[in-house]
Structures are given as structure tokens and as C-alpha cells.
Amino acid sequence: MSVPSSEPPGRLISHFKNRGREQQGLGWSALWDSDESSLWDRGGPSPALIEFVESGHPLLPALVGRHPRALVPGCGKGYDVAMLALHGYEVYGLEISETGAQVARDYIAAELAEPSERNYGDPTQWPKVEVGSVKIITGDFFGRDWEDERDGSAFDLIYDYTFLCALLPEMRKDWARRMIQLLSPTGILVCLEFPLYKDLAAVGPPWGLRGVHWNLLAQGRDGRITEPPEETEEPAGKMRRVAYVKPKRSYESGRGYDMISVWKLKG
């Protein structure tokens with residue numbers, strides 16, 4: 001979910017106008033059912049995530065002898081799910097819409113059978129690991145019913161690109177709570193922070209997020225801010241930011257603004 005690409009500006013905002021928290025899931029499902037995924041679809045996996053996964057960063061879970069478990073909530077057509085599987089992860093994609101989930105299953109099956117070069121930063125260097133498994137689940141991230149389908153284990157890596165920015169500001173605190181619940185004690189939450197160029201007071205989706213991740217995860221607050229917070233050295237939240245980098249590659253909509261933040265639970 002992200003800034004509209006081929007649709008007139010404001011289409012997402014008008015669609016969600018006057019929809020409260022309980023109507024958000026139905027709102028996204030309606031867009032899938034009316035074949036309007038072009039409002040947020042980017043046509044391929046996140047270049048910034050590919051760059052990070054292929055970087056060999058020491059924070060990444062080890063691939064030797066196992067397939068680390070990854071979660072992509074709000075996975076859309078499954079681009080990042082397929083890419084992570086091709087890089088050796090056991091990946092769970094979560095989508096609120098059954099229509100969207102089936103689109104993702106079909107896309108991923110095709111990609112795993114015959115991977116396209118867009119899944120790799122440098123196709124000459126990959127693949128160099130055994131392909132991981134994939135499971136696409138239809139469910140509400142904030143509910144617990146879907147968890148039975150993930151075999152109970154926590155996740156080594158969770159990726160959020162445009163999931164948080166699609167949520168009403170009043171839902172942000174629950175987003176952070178669920179991330180903390182789902183992440184392994186040694187796992188990492190990887191966020192491609194977007195959009196950072198949008199005014200925090202502007203209506204979404206997508207909602208501006210400049211400073212929101214720090215407020216939520218580092219400070220342990222509710223994420224409903226009007227200006228970016230000061231990044232204090234010893235914030236009181238349950239997570240700590242262990243990396244903060246500007247990706248060399250990202251989608252056009254956020255290029256030059258996007259930041260990757262990596263978070264771990266405080267131990």
C-alpha cells in the first residue's frame with residue numbers, strides 16, 4: 001500500500017473518508033474486489049529490501065543450515081514474499097483480503113517456478129541459497145486467529161514498507177504492540193520508513209510517518225505526533241533501533257527520502 005501511481009491523486013483518501021477503525025479491513029478488501037490494486041501496487045519487490053538482504057549485514061538472521069522465518073504483513077501481490085523466499089527465508093505473507101491473498105499465491109507460484117531478475121540486486125551473484133517455503137494467510141494482523149497457521153513460532157525477520165502508513169493514526173500503538181508480540185527475542189523488525197516527505201498533519205492513506213517509528217518503538221508512545229520527536233539517547237520503549245540507513249535504491253515515490261530502520265527487542 002503506498003502513494004497512488006496510476007490513479008488520480010486523492011483516490012485512496014476519498015475511498016477511506018469517514019471509514020472508522022472497524023471499517024478499514026473492509027475498505028481494503030473492497031479495493032481488491034473492484035480490481036483497484038493499481039492505487040498502491042509498485043509492480044515488483046522493494047529495491048531497498050533487496051539491497052539490505054543481499055548486503056550481508058550482521059544483523060540479518062543466519063541462513064546457514066536453516067530457513068529463518070519472515071513475516072510480511074499487508075503483503076499485497078506478494079512481491080517481497082517471493083523475493084525473501086528466493087533468498088532463503090521461510091516466509092509468511094499476511095493479507096486482509098482473500099482476493100488479494102489469491103493474487104499473491106498465484107504470483108509467488110510463478111516466481112518460485114521461474115524467478116525473474118527483479119528479485120535480485122545482482123542476478124549474477126544469486127541465488128546462492130536453497131529457496132525457502134511460502135505461506136500466504138488471509139487474516140487481520142491485529143487479530144489472533146491467523147496465528148494458528150504460522151505454527152506458533154516467532155519471526156526472525158518482519159518487514160514493513162507500506163503497512164503502517166496505511167493505518168489510521170489511532171491504530172499505530174496496536175501495530176507496535178503486535179510487532180513486539182510476533183518478533184523473536186533475537187529477531188529484527190525491518191521498516192522502510194515511508195512517506196517521510198508528507199506532512200504529519202495531512203490526511204491519508206498514506207499517512208506521513210516522519211518520526212513516528214521512533215515515537216512508537218523507541219519511546220513506547222502512541223505514534224500520534226504533530227512533529228518529529230527528539231531522538232533521546234535512552235528512550236523508554238521496548239525496542240531499540242540498531243541500524244538507520246538511507247538505501248541507495250528504492251521505489252521512485254520515496255527515493256531520496258526513504259530510510260531503512262532496523263529494530264530489536266530490548267533484552
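Rules of the game
Residues numbered from 1 in each chain as written. Predicted model: local features only at pLDDT ≥ 70, side-chain atom pairs only at ≥ 80, totals over all residues. Heavy atoms only, no water. Pairing = 2+ DSSP bridges. Helix = DSSP H or I, 4+ residues; strand = E, 2+ residues; numbered from the N terminus. Axes fitted to C-alpha atoms, helices over the stretch in contact; angles between N-to-C directions. Contact = heavy atoms within 4.5 Å. Parallel < 35°, antiparallel > 145°, perpendicular 65-115°, else oblique. Left-handed = near helix turned anticlockwise from the far one by under 90°. Nonpolar A, V, L, I, M, F, W, Y, C, P; charged D, E, K, R; others polar. Core = buried A, V, L, I, M, F, W, Y, C linked by side-chain atoms within 4.5 Å. Buried < 20%, exposed > 50% of the residue type's maximum accessible area, 1.4 Å probe, protein only. 1 Å grid on protein atoms, 1.4 Å probe; cavity = no way out; pocket = protein on both sides within 12 Å on 5 of 7 lines; lining within 4 Å. Points joined across faces, edges and corners; volume = space filled by probe spheres on them. Salt bridge = Lys/Arg side-chain N within 4 Å of Asp/Glu carboxyl O.

Under the annotation held in an unreviewed UniProt entry, the chain carries the name Thiol methyltransferase 1 and is attributed to Purpureocillium takamizusanense.

## Let's talk about the sheet that holds strand β1 (residues 69-73)
Taking strand neighbours across the sheet as the criterion, the 7 strands line up as β3-β2-β1-β4-β5-β7-β6 in an open arrangement whose pairing is mixed. Either end of the sheet is taken by a strand with one partner, and the two such strands are β3 (134-138) and β6 (239-245). Averaged over all pairs of adjacent strands, the angle between their axes in this sheet comes to 20 degrees, without regard to strand direction. Across 6 bridges, the pairing between β6 and strand β7 (residues 259-265) is antiparallel. Note that in β7 the partner of Ala243 across the bridge is Val262. Set on the sheet, helix α6 (residues 172-182) makes contact with β1, β4 (155-160), β5 (183-193), β6 and β7; between it and β5 the angle comes to about 140 degrees.

## Comments concerning the packing of helix α4 (residues 79-86) against helix α5 (residues 98-113)
Running from N to C, α4 and α5 cross one another at 30 degrees; their axes reach a closest spacing of 9 Å. With respect to α5, the axis of α4 lies roughly parallel. Classified by chirality, the crossing of α5 by α4 is right-handed. Here α4 contributes Tyr79, Val81, Ala82, Ala85 and Leu86 to the contact with α5, which in turn contributes Tyr107, Ile108, Glu111 and Leu112. Looking at the contact of α4 with α5 residue by residue, the class counts come to 8 nonpolar, no polar and 1 charged.

## Focus: the nonpolar core
Grouped together as the largest cluster of nonpolar side chains are 67 residues, with contacts concentrated most on Leu84, Trp175, Leu189 and Val190. Once residues within four sequence positions are removed from consideration, Leu189 is found in contact with Ile158, Trp175, Met179, Leu183, Leu217, Met239, Ser261, Val262 and Trp263. With 8 residues, the next largest nonpolar core counts Leu12, Phe16, Leu39 and Trp40 among its residues.

## Some words on helix α2 (residues 24-33)
Within the sequence span of α2, burial applies to Gln24, Gly27, Trp28, Ser29, Leu31 and Trp32. Elements that come into contact with the buried residues of α2 comprise α1 (11-16), β2 (90-95) and α5. Asp35 lies just past α2 and shows a positive phi near 60 degrees.

## Observations regarding the layout of surface pockets
If you add up the space inside the largest pocket, you get close to 360 Å³. If you trace the largest pocket, you find 20 residues lining it, with Gly25, Ile96, Asp140, Phe142 and Met171 closest to the centre. Elements with a minimum of two residues in the lining of the largest pocket: α2 and β2. Considering only residue class, the lining of the largest pocket consists of 12 nonpolar, 4 polar and 4 charged. Of the voids in this model, the second largest pocket is the one considered here, and its volume is about 200 Å³. Lys173, Asp174, Ala176, Arg177, Ile180, Leu216, Leu217, Gly220, Arg221, Ala236, Gly237 and Lys238 together form the lining of the second largest pocket. For the lining of the second largest pocket, the elements supplying multiple residues, two or more each, are α6 and α7 (212-218). By residue number, the principal contributor to the lining of the second largest pocket is α6, which donates 5 residues. In terms of residue class, the lining of the second largest pocket is made up of 5 nonpolar, 2 polar and 5 charged.

## A few points about the pattern of salt bridges
Inspection of the entire model under this criterion finds 11 salt bridges. The salt bridge involving Arg66 is made with Asp156; its shortest N-O contact spans 3.5 Å. Here Arg66 is found in the loop between α3 (47-54) and β1, whereas its partner Asp156 is found in strand β4, with 90 residues between them in sequence. A relative accessible area of 14% places Asp156 in the buried class. For Glu252, the salt bridge is made with Arg255, and the minimal N-O distance between the two is 2.8 Å. Classification of Arg255 as partly exposed rests on a relative accessible area of 46%. Within the structure, one salt-bridge network assembled from shared partners comprises Arg21, Asp174 and Arg177.

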